[in-house]
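# Observations on the model geometry
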Amino acid sequence: MRKKRFSVEQIVAVLKQAELGLPVTDLIRQVGISEQTFYRWKKQYAGLESDQVRELKQVVEENARLKRLVAELSLDKAVLQDVLFKKVSRPALLKQVVRYVQASHGYSERRACSVTGQHRSTQRKPLTRDPRHELRQRMHEIVRTRVRYGYRRVHILLKREGWTVGRNVVYRLYREEGLALRSKQPRRRKMVVQREGRCQPERPNQAWSLDFVHDALSTGQTFRALTVMDVFTREGLAIEVGQRLRGEHVVEVLNRLVRQRGAPQYLFADNGAEFTGHLVDLWAYHHGTRIDFSRPGKPTDNAHIETFNGSLRDECLNLHWFDTIAEAKRLIEAWRKEYNESRPHMALGNSTPQEYALRISPSPVAKGSVADGS
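Residues numbered from 1 in each chain as written. Predicted model: local features only at pLDDT ≥ 70, side-chain atom pairs only at ≥ 80, totals over all residues. Heavy atoms only, no water.

## Examining the sheet that holds strand β5 (residues 290–293)
- With mixed pairing, 5 strands are arranged side by side in an open sheet as β3-β2-β1-β4-β5. Strand pairing shows two members of the sheet lacking a second neighbour, β3 (236–242) and β5, which therefore form its edges. On average, each strand axis in the sheet is tilted by 20° relative to the strand beside it, whichever way the strands run.
- Of the strand pairs in this sheet, strand β2 (residues 222–230) and β3 are connected by 6 bridges, and their pairing is antiparallel. Across the sheet, the residue bridging to Leu226 is Glu240, located in β3. (Pairing = 2+ DSSP bridges. Helix = DSSP H or I, 4+ residues; strand = E, 2+ residues; numbered from the N terminus. Axes fitted to C-alpha atoms, helices over the stretch in contact; angles between N-to-C directions.)

Here is the structure:
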């Protein structure tokens, strides 16, 4: 026999008939229930009116609706944790997020837009903006070679190449392509790139190498020394001493050397802020000089200047106890001149690069000399 299911209103009506005097045995036989079922109904619903029954039904339905809503919210929260682990503010990027939610979690477009906060009209609107594929490709090429450059410097390089694009557009594309530097990672990790072969200078004044040396006065005050040398001749071109040397001081020293010798084709330097700054980059651009940065943790990429700095420290800094900055400048400059003039491998001295080229070139043997036997 099929089991009957009574609503709350029917159960209250049966209990009312029992309250009006109808015998329980006749009532349960008429309704088709057992005596245990009747008294269970009486225990649960005795004393209820029809209005209270309707309210109870509404409460039950509301509880069921709230349970479904909580389940949906829990599922939506899991979806958000899956797709929105980072802040996605642009509607164009949210389109991809909505499609992912539909494909991965089986959501409809309406519900996926509601969860992610995307407007449905925006989701359905086709893209009309120029994707700028060539510009994006060029930005990737620049960042691969200039791994320390942010979007501002990339924008400057693009303008130099003739791209008519604003800085805000460059910033947007820079972020979309994931080119932003991650400052929380160690510097050696974000500088890992495929390195090209370094130029091997073949004549004087073709490549200069720069670095900093640190020392302290007798009073405990620290100072720095900017060392510049010619990679081909090993000549110490300049040693600038100061308490605080920044990018503008590097540019001043380079300008002074350019007035004396002309601009080099290459500058070898490490990744210090003084060399990677905007001023030195702008100076190199105006003089047509390429800056070749060393790899982090690889001092052998700039071995010549490291050897020069080692000689400076062993033969000058460690032998003198400087009292003032002026004394340090005087003694260090005297050591530089002695280094250039007395070293066996230093043939340039105070000569110009043209004179040095003539000096190292093989001279023709004079006619009628002892060498030709006449």
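From this point, the discussion proceeds with the structure in view.
## Focus on helix α15 (residues 303–317)
- If you check α15, its first and last C-alpha atoms are 20 Å apart, about what 15 residues at 1.5 Å a residue would give, namely 21 Å.
- Taken together, the buried positions of α15 are occupied by Ile305, Phe308, Asn309, Ser311, Leu312, Cys316 and Leu317. The buried residues of α15 occupy an angular sector of 160° when the element is viewed end-on, so they sit on one face. For α15, the exposed residues lying more than 90 degrees away from the buried face are Thr307 and Asp314. (Expected span 1.5 Å × (residues − 1). Buried < 20%, exposed > 50% of the residue type's maximum accessible area, 1.4 Å probe, protein only. Arc of directions from axis to C-beta.)

## Here's the deal with the packing of aromatic side chains
- Tallied over the entire structure, the rule returns 8 aromatic pairs.
- When the ring centre of Tyr107 is taken as reference, the NZ or CZ atom of Arg111 above it lies at 4.1 Å.
- Directly above the ring of Tyr285 sits Arg160, whose terminal nitrogen or CZ lies 3.8 Å from the centroid. (Phe/Tyr/Trp six-rings, centres within 6.5 Å; stacked < 30°, edge-to-face > 60°. Lys NZ or Arg CZ within 6 Å of the ring centre and 35° of its normal.)

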